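Reading the structure
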Amino acid sequence: MSYTKEDILRIAEEEDVKFICLQFTDILGMLKSVSITRSQLSKALDNRCCFDGSSIDGFVRIEESDMCLHPDLDSFVILPWESESGKTARLICDVYFTDGTPFEGDPRYVLKRAIQKAADMGYTCNVGPECEFFLFRPDEKGRPTTFCHDRGGYFDLGPIDKGEDCRKDICLTLESMGFEIEASHHENAKGQHEIDFKYDEVLRTADNVMTFKLVVKNLANRHGLYATFMPKPVFGECGSGMHTNISLFKDGKNAFYDENDEFGLSKAAYGFIAGIMDHIKSMTVLTNPIVNSYKRLVPGYEAPVYVAWSAKNRSPLIRIPSAKGVATRVELRNPDPAANPYLEMAASIFAGLDGIERGLTPPPAKDSNIFNLTDEERKKEGIGSLPKTLGEAIKEFEKSDFMRECMGDHVFNRYIKAKKEEWKEYSTRVSQWEIEKYLGKY
């Protein structure tokens, strides 16, 4: 829905909105918010709400910390849960310097640059994510655990799917906020769920992912549960992914579709696939950003490990779903829901467009189960692997001039710094596995 400043002021008064959350996202994908009362809403809508950027991960140094929030008027929505203080609305914001120039470290700005790159080539971009998450029980102190009463499996329903009622409430809440929910179901692992909302223009989709996470966590809490988007919270179970379906349109038509092709794919689609495959190792730290991400990217748990594509099976990195015509799309299967959606989607678009610009062609499709191939067979067929750890992914990202150009120096440098600190902390920490394995043996 499209709003003007006057629309928002009128609705806020008619609905007696007491507070407005001005939301933005840091480079690590954490949702941040500045709350204002309705008396300050007009000022905020005039882009005059400032904050201290030095306190936000990856933003600016202390000596240049003042920043301003510029609300996206079309993101206005009244949050469908009330507190004792009354109704609260939200606006998603872009981050600017006080002189009116966009802040290059704002993840939303990075994605807008990717959108502009596509527009310069004549394309618009639609994206549809598939967000998976777990519902667990908190302990007696309210802290999250990995315990659940749920014993459901793929597509199961109550009573063994104990999270079904919570999932239904999440869907209804999202619909009240303007989402179009296409499907929801129990996933493979105990306590694991998926809710699919309709694709949209890529910037709106990235905004929707952040809103989706907020709603899921809030509704889970109201059901006495804890929702987590941690990629692999339970050993021996499938992890949570965020498969990202991407399509480009030109002149109102799906630019990925060619009815005369064996797979229904156009030259642009093949170039896009090849571009992602060419850059995937350097962008994996964005699609799979935390130490735990790489506990999901292992053989045997449905997550992709190998750099290949297919229109017939789900083991490769990229899958081409069976839908054709206007629904033709490229499904990137390695991203997980810990990713910052703005940076993950920006990297995917930049990489795909680079493949189109350079006229790249992907290797032949791999229609057999790649997990069943031996290392020798994969090597013979030229099938590479994704980075196996966050440390490997950081190295691939750091040496990529292409990723530096895509992300911009600010995000590139600060993201590397943050991830190196995370990897160092993990690498030097003594785990419970080590205690159990070695303490009594040596």
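Attention here is on the structure that accompanies the text. (Residues numbered from 1 in each chain as written. Predicted model: local features only at pLDDT ≥ 70, side-chain atom pairs only at ≥ 80, totals over all residues. Heavy atoms only, no water.)

Orientation of helix α5 (residues 202-222) relative to helix α8 (residues 341-357), taken along the N-to-C sense of each, is 150 degrees, at an axis distance of 9 Å. By the angle between their directions, the pair α5 and α8 is classed as roughly antiparallel. Relative to α8, α5 is oriented so that their crossing is right-handed. Across the interface between the two elements, Val 202, Leu 203, Thr 205, Ala 206, Asp 207, Val 209 and Met 210 from α5 touch Pro 341, Tyr 342, Met 345 and Ile 349 from α8. A per-class count over the contact of α5 with α8 returns nine nonpolar, one polar and one charged. (Axes fitted to C-alpha atoms, helices over the stretch in contact; angles between N-to-C directions. Helix = DSSP H or I, 4+ residues; strand = E, 2+ residues; numbered from the N terminus. Parallel < 35°, antiparallel > 145°, perpendicular 65-115°, else oblique. Left-handed = near helix turned anticlockwise from the far one by under 90°. Contact = heavy atoms within 4.5 Å. Nonpolar A, V, L, I, M, F, W, Y, C, P; charged D, E, K, R; others polar.)

Attention now goes to the side chain of Asp 336. Along the chain, the position of Asp 336 falls in the loop between β18 (330-332) and α8. Among buried Asp, Glu, Lys and Arg side chains, Asp 336 stands out as unpaired, with Arg 296 the closest opposite charge at 4.7 Å. Each residue touching Asp 336, except ones within four places of it in the same chain, is listed here: Pro 231, Ser 240, Gly 241, Met 242, Thr 287, Asn 288, Pro 289, Ser 293 and Arg 296. (Buried < 20%, exposed > 50% of the residue type's maximum accessible area, 1.4 Å probe, protein only. Lys, Arg positive; Asp, Glu negative; His and termini not counted. Salt bridge = Lys/Arg side-chain N within 4 Å of Asp/Glu carboxyl O.)

On to the nonpolar core. If you look at the biggest cluster of nonpolar residues, it comprises 90 residues, and the most contacted ones within it are Leu 111, Ile 318 and Met 407. Other than its neighbours up to four places away in sequence, Ile 318 contacts Ile 273, Ile 276, Met 277, Ala 308, Trp 309, Ser 310, Val 330, Glu 331 and Leu 332. Counting residues in each nonpolar core, the second largest holds 22 residues, with Val 17, Ile 20, Ala 89 and Leu 91 among its members. (Core = buried A, V, L, I, M, F, W, Y, C linked by side-chain atoms within 4.5 Å.)

By the secondary structure assignment, Asn 292 is in the loop between α6 (267-287) and α7 (293-296). On the basis of relative accessibility, which here comes to 12%, the residue Asn 292 falls in the buried class. A distance of 2.7 Å separates the side chain of Asn 292 from the backbone nitrogen of Lys 232, its partner in a polar contact. What Asn 292 contacts, discounting residues up to four positions off in sequence, is Met 230, Pro 231, Lys 232 and Pro 233. (Polar contact = N/O pair within 3.5 Å; in protein donor to acceptor, adjacent residues only side chain to side chain.)

All right, on to the packing of aromatic side chains then. According to the stated counting rule, one finds 16 aromatic pairs in the structure shown. When the centroid spacing of 5.2 Å and the interplanar angle of 85 degrees are considered together, the rings of Phe 179 and Phe 197 count as edge-to-face. Of the two residues, Phe 179 sits in the loop between α4 (164-176) and β9 (181-186) while Phe 197 sits in strand β10 (residues 192-197), which places them 18 residues apart along the sequence. Here Phe 179 falls in the buried class, since its relative accessible area comes to 11%. The buried category is assigned to Phe 197, whose relative accessible area is 3%. Measuring from centroid to centroid gives 5.6 Å for Phe 197 and Phe 212, while their planes differ by 45 degrees, and the two rings are tilted. Highlighted residues: Phe 197 in strand β10 and Phe 212 in helix α5, separated in sequence by 15 residues. Residue Phe 212 is classed as buried on the basis of its relative accessible area, which comes to 0%. Directly above the aromatic system of Phe 229 lies the positively charged group of Lys 213, at a separation of 5.8 Å from the ring centroid. For the cation-ring pair, Lys 250 lies above Tyr 123, with the distance from its terminal atom to the ring centre recorded as 4.5 Å. (Phe/Tyr/Trp six-rings, centres within 6.5 Å; stacked < 30°, edge-to-face > 60°. Lys NZ or Arg CZ within 6 Å of the ring centre and 35° of its normal.)

A separate point is the layout of surface pockets. Quantified by volume, the largest pocket comes out at close to 900 Å³. Looking at the largest pocket, it is lined by 43 residues, and the ones nearest its centre are Glu 130, Glu 194, His 243, Asn 245 and Glu 331. Secondary-structure elements contributing two or more residues to the lining of the largest pocket are β7 (124-138), β9, β10 and β13 (242-250). For the lining of the largest pocket, the leading source of residues is β7, giving six residues. Of the residues contributing to the lining of the largest pocket, the split by class is 16 nonpolar, 13 polar and 14 charged. (1 Å grid on protein atoms, 1.4 Å probe; cavity = no way out; pocket = protein on both sides within 12 Å on 5 of 7 lines; lining within 4 Å. Points joined across faces, edges and corners; volume = space filled by probe spheres on them.)

Our focus in this paragraph is helix α3 (residues 107-120). Compared with an ideal rise of 1.5 Å per residue, which puts 14 residues at 20 Å, α3 spans 20 Å between its outermost C-alpha atoms and is within 8% of the ideal. Buried residues belonging to α3 abut β1 (17-25), β6 (87-97), α5, α8, α11 (401-407) and α12 (409-428). Positioned one or two residues after α3, Gly 122 has a phi angle of 90 degrees, which is positive. (Expected span 1.5 Å × (residues − 1).)

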